[in-house]
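Structural description and commentary
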Amino acid sequence: QVQLVESGGGSVQPGGSLRLSCAASGSVPRLNTMAWYRLTSGPQRELVAGFIGGGRPTYADFAKGRFTISRDYAKNTVNLQMNNLNLEDTAIYYCNAVDMVGFGSWGQGTQVTVSA
């Protein structure tokens, strides 16, 4: 089992920045995928950015040019640098990891609130 803990959420004004971090612990195998999702007013989490299959990171359109995902394989962490935040970025941000077998894990989420 893999436990994921997110940190770095908070409240910022439009144009501000936050850096989210996700740390994997417990029984940590090689994680094929580590990604960030978010839950806004919609019923489903949506992908923000992620390393899928260990390749080039994938970004949602709304994240391109503003967010940067990074991963430290040795430390089993993944970070999300979010710049130029806007009101629509308000959401609960979740860390997701998928191992080589395809088993997925989720963190509890961290709240990001952007308000003027």
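Residues numbered from 1 in each chain as written. Predicted model: local features only at pLDDT ≥ 70, side-chain atom pairs only at ≥ 80, totals over all residues. Heavy atoms only, no water.

Describing the nonpolar core
- Judged by nonpolar contacts, the single largest core of 26 residues is most densely connected at Trp-36, Val-48, Leu-80, Met-82 and Tyr-93.
- Secondary-structure elements contributing two or more residues to this core are strand S1 (2-7), strand S3 (18-26), strand S4 (31-39), strand S5 (46-52), strand S7 (67-72), strand S8 (77-82), strand S9 (91-99) and strand S11 (110-114).
- When residues no more than four places from it in sequence are discounted, the contact partners of Tyr-93 are Glu-6, Leu-20, Trp-36, Tyr-37, Arg-38, Val-48, Leu-80, Met-82, Gly-109, Thr-110 and Val-112. (Core = buried A, V, L, I, M, F, W, Y, C linked by side-chain atoms within 4.5 Å. Buried < 20%, exposed > 50% of the residue type's maximum accessible area, 1.4 Å probe, protein only. Helix = DSSP H or I, 4+ residues; strand = E, 2+ residues; numbered from the N terminus. Contact = heavy atoms within 4.5 Å.)

Description of the environment of Asn-84
- Positionally, Asn-84 belongs in the loop between S8 and S9.
- Overall, the relative accessible area of 48% leaves Asn-84 in the partly exposed class.
- The sequence separation of Asn-84 and Cys-22 amounts to 62 residues, and the corresponding C-alpha distance is 21 Å.
- With near-sequence residues (within four places) excluded, Asn-84 lies in contact with Gly-15, Gly-16, Ser-17, Arg-66 and Asp-89.

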